[in-house]
Amino acid sequence: AQSVTQLDSHVSVSEGTPVLLRCNYSSSYSPSLFWYVQHPNKGLQLLLKYTSAATLVKGINGFEAEFKKSETSFHLTKPSAHMSDAAEYFCVVTLSGGYNKLIFGAGTRLAVHP
Amino acid sequence: SQTIHQWPATLVQPVGSPLSLECTVEGTSNPNLYWYRQAAGRGLQLLFYSVGIGQISSEVPQNLSASRPQDRQFILSSKKLLLSDSGFYLCAWSIQGDQPQHFGDGTRLSIL
């Protein structure tokens, strides 16, 4: 069965320092993986997606993630945090079945301090 | 380009009152459509999904129902709201296959 574990519920960084949000997945087949960001009282915005092409995926707003099959990980990184990056981040894996069901991680709240 | 609209943005309803939330998608045909609920400080729970007009699948037993009267319209309803129905409701769409879903801005529902 597919599942997603976000290893940190809260991450706090200073503006201008690197961001690392960790995600491990479990899947019985080659999955598609996504990272979404949610700002307060807003919907989820797609940051990036991995769909079995290049293992290093670049997304919007300077974020990127690397798919590591041997470690079953899909960590999200950004070289330099900006105040506007403060939000909730969700790692997501697909459950194949025609209707594209998504399995969400519990989320990581990122705080960025000046 | 494709867009998704949800309304209203916020709603305050008394216990026992009916509910109707609407979601429409523009710029695509025959999308998969989804309703999620997000409780405060928690992840997303899939409530319903639809792969076509009139085709609704329910993920969890509950006080809510969904309908898809048109290809790009998805409605979430209740005849009598409960306090436990409070939350942030999100509509999403996707194309077929292992593709990401695209979300609306959500409706904040408070039950008094």
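Residues numbered from 1 in each chain as written. Chains lettered and ligands numbered in written order. Predicted model: local features only at pLDDT ≥ 70, side-chain atom pairs only at ≥ 80, totals over all residues. Heavy atoms only, no water.

(A) Local environment of the nonpolar core. Core analysis: the biggest nonpolar cluster contains 26 residues, and W35, L48, F74, L76 and Y89 of chain A have the highest contact counts within it. For this core, the element with the highest residue contribution is strand β10 (residues 87-95) of chain A, accounting for 4 residues. Among the nonpolar cores identified, the runner-up in size contains 19 residues, and I4, L21, W35 and I111 of chain B belong to it. (Core = buried A, V, L, I, M, F, W, Y, C linked by side-chain atoms within 4.5 Å. Buried < 20%, exposed > 50% of the residue type's maximum accessible area, 1.4 Å probe, protein only. Helix = DSSP H or I, 4+ residues; strand = E, 2+ residues; numbered from the N terminus.)

(B) Looking closely at the packing of aromatic side chains. For the coordinates displayed, the defined rule picks out 13 aromatic pairs over all chains. On the numbers, 4.1 Å between centres and 15° between planes, the contact of Y50 of chain A with F67 of chain A is stacked. With Y50 of chain A in strand β6 (residues 44-50) and F67 of chain A in strand β8 (residues 64-68), the pair connects residues that are 17 residues apart, well separated along the chain. Judged by relative accessible area, Y50 of chain A falls into the buried class, the value being 5%. A connected cluster of aromatic rings, assembled from ring pairs, spans F34, Y36, F90 and F104 of chain A together with Y34, Y36 and F103 of chain B. (Phe/Tyr/Trp six-rings, centres within 6.5 Å; stacked < 30°, edge-to-face > 60°.)

(C) Examining the interface of chain B and chain A more closely. Across the contact, 24 residues belong to chain B and 22 residues belong to chain A. Of the roughly 1,800 Å² buried between chain B and chain A on both sides combined, carbon and sulfur atoms contribute 51%. The tally of links from chain B across to chain A stands at 1 salt bridge. There are 4 residue pairs in polar contact (both at pLDDT 80 or more) connecting chain B and chain A. The set of elements that each furnish at least two residues to the side of chain B that touches chain A consists of β4 (32-38), β5 (44-52) and β9 (87-94) of chain B. For the side of chain B that touches chain A, the class distribution of residues is 11 nonpolar, 9 polar and 4 charged. (Contact = heavy atoms within 4.5 Å. Buried area = accessible area lost by both parts, 1.4 Å probe. Salt bridge = Lys/Arg side-chain N within 4 Å of Asp/Glu carboxyl O. Polar contact = N/O pair within 3.5 Å; in protein donor to acceptor, adjacent residues only side chain to side chain. Nonpolar A, V, L, I, M, F, W, Y, C, P; charged D, E, K, R; others polar.)

(D) Layout of the pattern of salt bridges. Tallying each qualifying case throughout the model produces 7 salt bridges over all chains. One salt bridge in this structure joins D8 of chain A and R22 of chain A, with 3.0 Å as the shortest N-O distance. Linking D8 of chain A in the loop between β1 (3-6) and β2 (10-14) with R22 of chain A in the loop between β3 (19-21) and β4 (23-26), this pair joins segments that are 14 residues apart in sequence. Here D8 of chain A falls in the buried class, since its relative accessible area comes to 19%. We note a salt bridge from D85 of chain B to R37 of chain B, for which the minimum N-O separation is 3.7 Å.

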